[in-house]
Amino acid sequence: MATTVVVGNQSFKRRNPLAVWLGLPFITLGIYYFVWWYKVNNEARHFLNDQSINPGLSVVAVTLGALIIVPPLVSAYGTTARIARMQERTGMPAGTRANPWISVLLHFIFGAHVLYMQMELNKIWDGYRQTTVAALPPPLAPPAMPPAV
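In this report, the structure presented in the accompanying data block is examined. The structure displayed is predicted, hence computed values, not measured ones.

A separate point is the overall build of the protein. Across its full length, the protein carries six helices and two strands. Within the protein, the proportion of its 149 residues that are buried is 38%. Counting contacts in the protein only where the partners sit at least 6 residues apart, residues at least 24 apart contribute 61% of the total.

Okay, structure coming up:
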């Protein structure tokens, strides 16, 4: 069962990793996996306030892109990297954040990347459930650019 976590004026879902990985995809004949993929990328888009994240394109990568084999792996890497950015924004130390390469490797082990990604997302939502943080921390400053020549 998913619980809603409110961060600032936005709400996010803390989902059961086993239900996301095995239960719901089994019951829905695999459809839930694509719905979940869209929702996770959409949550990342809203949490990071990054309009360049396109959840629909991520779903195309794991559906039609699967015919080419590489796009789902790239999407798994990218989505896990977004989760790591979300964790960075909440102040998680570098060694405890999601690793995109682990997600890519778990892709080949019974699709366990879904389990891994949801567990990493839940770390974020658990942090907000345990504290009384009323709003998101400010966005990180972009890296300094060298002066134009």
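Moving on to the environment of E88. Mapped onto the elements, E88 comes out in helix α4 (residues 70–89). Taking the C-alpha atoms as reference points, E88 and A98, separated by 10 residues in sequence, lie 9.7 Å from one another.

Enumeration according to the criterion identifies four salt bridges in this entry. With a shortest N-O distance of 3.1 Å, K123 and E120 are connected by a salt bridge. Taken together, the residues span about one helical turn, with K123 and E120 both in helix α6 (residues 113–130) at a distance of three residues. For K123, a relative accessible area of 39% corresponds to the partly exposed category.

Once that is clear, we can look at the packing of helix α3 (residues 55–62) against α4. Each packed pair of helices is defined by two parameters, the angle between the axes and the distance between the axes. Their axes nearest at 7 Å, the elements α3 and α4 cross at an angle of 140 degrees. Put simply, α3 runs oblique to α4. Pair α3 / α4 crosses with left-handed handedness. Contact with α3, carried on its side by S58, A61 and V62, involves P71, P72, S75 and R82 of α4 and no other residues of that element. Across the contact of α3 with α4, the residue classes tally to four nonpolar, two polar and one charged.

Sheet analysis places strand β1 (residues 3–7) next to strand β2 (residues 10–14), joined by five bridges and oriented antiparallel. Bridging from a neighbouring strand, T4 pairs with K13 of β2. Remark: two residues form the turn of the hairpin made by β1 and β2, two consecutive strands paired antiparallel; G8 in that turn has positive phi of roughly 65 degrees.

On the surface, a nonpolar cluster with roughly 560 Å² of combined accessible area is contributed by L57, V60, L64, L67 and I68. Here L64 lies in the loop between α3 and α4. Accessibility expressed as a relative area gives 59% for L64, which makes it exposed.

We now examine unusual backbone geometry. One non-glycine residue with positive phi stands out, namely N49, at about 50 degrees. Tracing the backbone through its elements, the reader meets N49 in the loop between α2 (31–48) and α3. The backbone of F110 sits at a positive phi, close to 55 degrees, despite the residue not being glycine. Looking at the element boundaries, F110 is found in the loop between α5 (100–106) and α6.

As enumerated under the stated definition, the model contains eight aromatic pairs in all. Taken together, a centroid distance of 5.6 Å and an interplanar angle of 75 degrees make the contact between F47 and W125 edge-to-face. On the criterion of sequence distance, the pair formed by F47 in helix α2 and W125 in helix α6 is long-range, its members being 78 residues apart. Where F47 meets Y128, the ring centres are 6.2 Å apart and the plane angle is 80 degrees; that geometry is what we call edge-to-face. With a gap of 81 residues between them, F47 in helix α2 and Y128 in helix α6 connect regions that are remote in the sequence. In this structure Y128 comes out as buried when scored by relative accessible area, which is 9%. A connected cluster of aromatic rings, assembled from ring pairs, spans F12, F47, W125 and Y128. For R89, the ring lying beneath its charged end belongs to F47, and the centroid distance is 5.8 Å.

How each quantity is defined
- Residue positions are counted from 1 within each chain, in the order its sequence is given.
- Residues qualify for local features only when their pLDDT is at least 70, as the model is predicted, and side-chain atom pairs are given and counted only at 80 or more; totals for whole chains, interfaces and linings, by contrast, use all residues.
- Only hydrogens and water are removed before side-chain values are computed, so all heavy atoms of the structure are retained for them.
- Strands are runs of DSSP state E lasting at least 2 residues, helices are runs of H or I lasting at least 4, and numbering of each runs from the N terminus.
- Only protein chains enter the calculation, and the probe is 1.4 Å; a residue is then buried if its accessible area is under 20% of its type maximum, exposed if over 50%, and partly exposed in between.
- Whether two residues are in contact is decided by their heavy atoms, any of which lying within 4.5 Å being enough.
- Salt-bridge detection follows one rule: a side-chain nitrogen of Lys or Arg within 4 Å of a carboxyl oxygen of Asp or Glu.
- Axis definition: a line fit to C-alpha positions, over the contact stretch in the case of helices; interaxial angles, taken between N-to-C directions, run 0 to 180 degrees.
- What sets the label is the angle itself: under 35 degrees gives roughly parallel, over 145 gives roughly antiparallel, 65 to 115 gives roughly perpendicular, and the rest give oblique.
- The hand of a helix crossing depends on one turn: near helix anticlockwise from the far one by less than a right angle means left-handed, and clockwise means right-handed.
- Residue classes follow a fixed rule: Ala, Val, Leu, Ile, Met, Phe, Trp, Tyr, Cys and Pro count as nonpolar, while Asp, Glu, Lys and Arg count as charged, and any other residue, Gly among them, counts as polar.
- One bridge is not enough; two strands pair if DSSP finds at least two bridges between them.
- Note on patches: the residues involved have over 30% relative accessible area and no salt bridge, like charges join within 9 Å, and the nonpolar side chains Val, Leu, Ile, Met, Phe, Trp and Tyr join within 5 Å.
- Calculation of accessible area relied on Shrake-Rupley with a 1.4 Å probe; when residues are assessed, cover is drawn exclusively from the protein chains displayed.
- Centres within 6.5 Å make a pair out of two Phe, Tyr or Trp rings, where for Trp the six-membered ring is used; the pair is then stacked when the planes are under 30 degrees apart, edge-to-face when over 60, and tilted otherwise.
- The criterion is that NZ of a Lys, or CZ of an Arg, lies within 6 Å of the ring centre and within 35 degrees of the ring normal, and then a charge sits over that ring.

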